[in-house]
Amino acid sequence: MTDGTAYGPDPVGVRRPSLGRRVAGGVLILVPTLAITAGVPAYALAVLGSHGVASSVSVLQTTIGGLLLSILSAMAYIARPGRGYGPAVMARAAAAMGYFLTLANLATATVPIGGGTYATVDYSGVLRLLALVPTLSLVGGALVTYSDRRNLPARLRREFPA
Amino acid sequence: MVGKRTPLPLRVSQLFFALAIVALLLIVAYIGAAVGYATELHQSGVEGTSAVFGPDDRLLVTVQVNLTNPGPFAIDDLSVVVHVDHPNGSAWVNGGSSRQTVAGYSTAPIAIGFAVPLNDLPAQLLVQDATLPEQTWVNATYASLILVAVSNTSNYQWGAPFEGLNLTVGSPTVEPNGSVSAPVTLSFTDDAPTGFAGTLSAALRSSDGSPCTGLSFPVSVTSHGHVEEAETGIFPSDCRLSGGSYSGSWSSPSFNVPLPGGPLS
């Protein structure tokens, strides 16, 4: 089933999924993405907190960040058969970069070791290194945007063959 | 006409997306391994304590601990800072280690040194062991990414060089010239982490505070050694040492300090 009303007629050799199917797929993507980007950090912070580890990063911050990234991931999926895909990927990558770099400024945790000993761990370097991942995606998204403006059907034939 | 070849920008974008996934996997694996090995880091207890006398009447104490790094990730810029407080709570001794690197799969000795200013020592710490509050900070970079600062509050067991200093006057004997002689016994234990040699001078006073005589005790003692030496003191016949007191001082090539006095036993 195609969705000619959203993007116009499918190019030759292309069969784009309908908007309904894409939204359904986006929702399916949203659930595991949300679990990974919001649920895992919240669970990790809760476990660490139960062991007396005090973190400067709050569950609220990771939940908001994870929710934002999950929604942008779902939107990118929904926008995949059109020219909006590249910008959506770039928006998700930029948001992820901002998320990691913002958390990097807060990335300290105080760990009680026992016997009056405390360790303060600064893991901002880890988050800055993780920001490399969306940086690569940002470049990829920019290239997709460029390519789609010149020749969208070429990508659609690869990703949505008839 | 529809071209079959994927445009170059699209192929390059796929390369970047693939690189992003590979980078994510590598970073997660790196961090996971680093955290896993970090939990196996362990520090030995104190491997040894040594001390030497330095310039300006300072006792240079070095405590060595070993740090075992079982993983492949280096510990860089490892440094230790130690503060020991006066019994009254004010800062007294600062010390620490030099910055060093503990390579992966290695055990490195960490030498923590601090200089105890003996001439700034509260008098009772020369003659009395004490438990002093101590703060220790350890800073390091682990796996090139994670900065760790460990702070510890504990107690430093100070060993006094003249622990239990005491002068005991024995039974007096009247000499033919009318003066009085009596054996005076010096006793103390060197609880400092090093031995020393020199002369302990003591001035003995009668119960009314008037000076009776002065004595010098040549002393050579090893760490944790006990000193018990007797010298014969000659006193004026009117000097009543019962209920008297003494004051003392220590002089040696290593250090020179006045010693707190006390009642004669």
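The rules behind these values
Residues numbered from 1 in each chain as written. Chains lettered and ligands numbered in written order. Predicted model: local features only at pLDDT ≥ 70, side-chain atom pairs only at ≥ 80, totals over all residues. Helix = DSSP H or I, 4+ residues; strand = E, 2+ residues; numbered from the N terminus. Rg over C-alpha atoms; globule rule 2.2 N^0.38 Å. Buried ≥ 20, exposed ≤ 12 C-beta atoms within 10 Å, placed from the backbone. Contact = placed C-beta atoms within 7 Å. Nonpolar A, V, L, I, M, F, W, Y, C, P; charged D, E, K, R; others polar. Pairing = 2+ DSSP bridges. Domains from an automatic or database assignment. Axes fitted to C-alpha atoms, helices over the stretch in contact; angles between N-to-C directions. Expected span 1.5 Å × (residues − 1). Parallel < 35°, antiparallel > 145°, perpendicular 65-115°, else oblique. Left-handed = near helix turned anticlockwise from the far one by under 90°.

Engineer: Sorry, what's going on with the overall build of chain B here?
Structural biologist: Scanning chain B from terminus to terminus reveals 2 helices and 16 strands. Relative to a compact globule of 265 residues, whose C-alpha radius of gyration would be 18 Å, chain B shows 31 Å and is clearly more extended. Counting only C-alpha atoms, chain B reaches 135 × 30 × 25 Å along its principal axes. Sorting the 265 residues of chain B into buried and exposed places 26% on the buried side. Counted over contacts in chain B with a minimum sequence separation of 6, partners at least 24 positions apart contribute 64%.

Engineer: Looking at this structure, how should I read the interface of chain B and chain A?
Structural biologist: It is common to report an interface's size as the accessible area lost on association of the parts. Counting residues at the interface gives 26 residues for chain B, matched by 29 residues for chain A. Those elements that place two or more of their residues in the side of chain B that touches chain A are α1 (8-38) and β8 (146-158) of chain B. Of all the elements, α1 of chain B adds the most residues to the side of chain B that touches chain A, at 12 residues. The residue makeup of the side of chain B that touches chain A, split by class, is 19 nonpolar, 7 polar and no charged. Taken together, the 6 bridges between strand β3 (residues 117-122) of chain A and β8 of chain B define a ladder with antiparallel strand orientation. When the sheet's bridge partners are listed, Asp 122 of chain A is paired in β8 of chain B with Leu 147 of chain B.

Engineer: Would you mind showing me how to read the domain arrangement of chain B here?
Structural biologist: Residue and element names in this part refer to chain B. Looking at chain B, the domain boundaries give domain 1 (42-158) and domain 2 (163-263). Between the C-alpha centres of domain 1 and domain 2 there is a distance of 36 Å. Contacts between the two partners involve 16 residues from domain 1, matched on the other side by 14 residues from domain 2. Looking at the side of domain 1 that touches domain 2, the elements that each hand over two or more residues are β1 (42-54), β2 (58-69) and α2 (123-127). With 5 residues, the top contributor of residues to the side of domain 1 that touches domain 2 is β1.

Engineer: In this structure, what is going on with the sheet that holds strand β13 (residues 211-221) of chain B? I would like to understand it.
Structural biologist: The pairing of strands in a sheet happens through backbone hydrogen bonds and is either parallel or antiparallel. Residues and elements named next belong to chain B. What the 4 strands build is an open sheet, ordered β13-β12-β15-β16; its pairing is antiparallel. Because the sheet does not close on itself, it has two edges, and the strands there are β13 and β16 (257-263). Across this sheet, the average inter-strand angle for adjacent strands is 20°, counted without regard to direction. Inspection of the sheet shows strand β12 (residues 196-205) paired to β13 by 10 bridges, in the antiparallel sense. What sits directly across from Ala 197, in β13, is Ser 220.

Engineer: Could you clarify how one ought to interpret the pairing of β12 of chain B in this entry?
Structural biologist: A regular strand places its side chains so that they alternate between the two faces of the sheet. Residues and elements named next belong to chain B. What sits between the antiparallel neighbours β12 and β13 is a turn of 5 residues, in which Gly 209 has the positive phi angle 95°. Of the pairings in the sheet, the one linking β12 to strand β15 (residues 245-251) comprises 7 bridges and is antiparallel in character. When the sheet's bridge partners are listed, Arg 205 is paired in β15 with Ser 245.

Engineer: How do you make sense of helix α4 (residues 85-104) of chain A when you look at a structure like this?
Structural biologist: Residue and element names in this part refer to chain A. When the terminal C-alpha atoms of α4 are compared, their 28 Å separation across 20 residues agrees well with the 28 Å that a helix rising 1.5 Å per residue should span. Of all the positions in α4, only Tyr 85, Gly 86, Ala 88, Val 89, Met 90, Arg 92, Ala 93, Ala 96, Tyr 99, Phe 100 and Leu 103 are classed as buried. Buried residues along α4 sit in contact with α3 (59-78), α5 (124-130) and α6 (132-159).

Engineer: What exactly am I supposed to notice about unusual backbone geometry here?
Structural biologist: Across the chain, the bulk of peptide bonds are trans and the bulk of non-glycine residues have phi less than zero. Residues and elements named next belong to chain B. Located in the positive-phi region is Asp 77, a residue other than glycine, with phi close to 50°. Locating Asp 77 in the fold gives a position in strand β3 (residues 75-85). Residue Ser 144 is not a glycine yet carries a positive backbone phi of 65°. Its location among the elements puts Ser 144 in the loop between β7 (130-142) and β8.

Engineer: Would you mind going over the packing of α6 of chain A against α1 of chain B with me for this structure?
Structural biologist: Close contact between α6 of chain A and α1 of chain B brings their axes to 7 Å; oriented N to C, the two are set at 155°. Of the possible angle classes, the one that applies to α6 of chain A and α1 of chain B is roughly antiparallel. Seen along the crossing, α6 of chain A lies across α1 of chain B with a hand that is left-handed. Residues Leu 132, Val 133, Leu 136, Ser 137, Val 139, Gly 140, Leu 143, Val 144, Tyr 146, Ser 147, Ala 154 and Arg 155 of chain A of α6 of chain A pack against Pro 9, Leu 10, Val 12, Ser 13, Phe 16, Phe 17, Leu 19, Ala 20, Ala 23 and Leu 24 of chain B of α1 of chain B. Residues that form the contact of α6 of chain A with α1 of chain B fall into these classes: 17 nonpolar, 4 polar and 1 charged.

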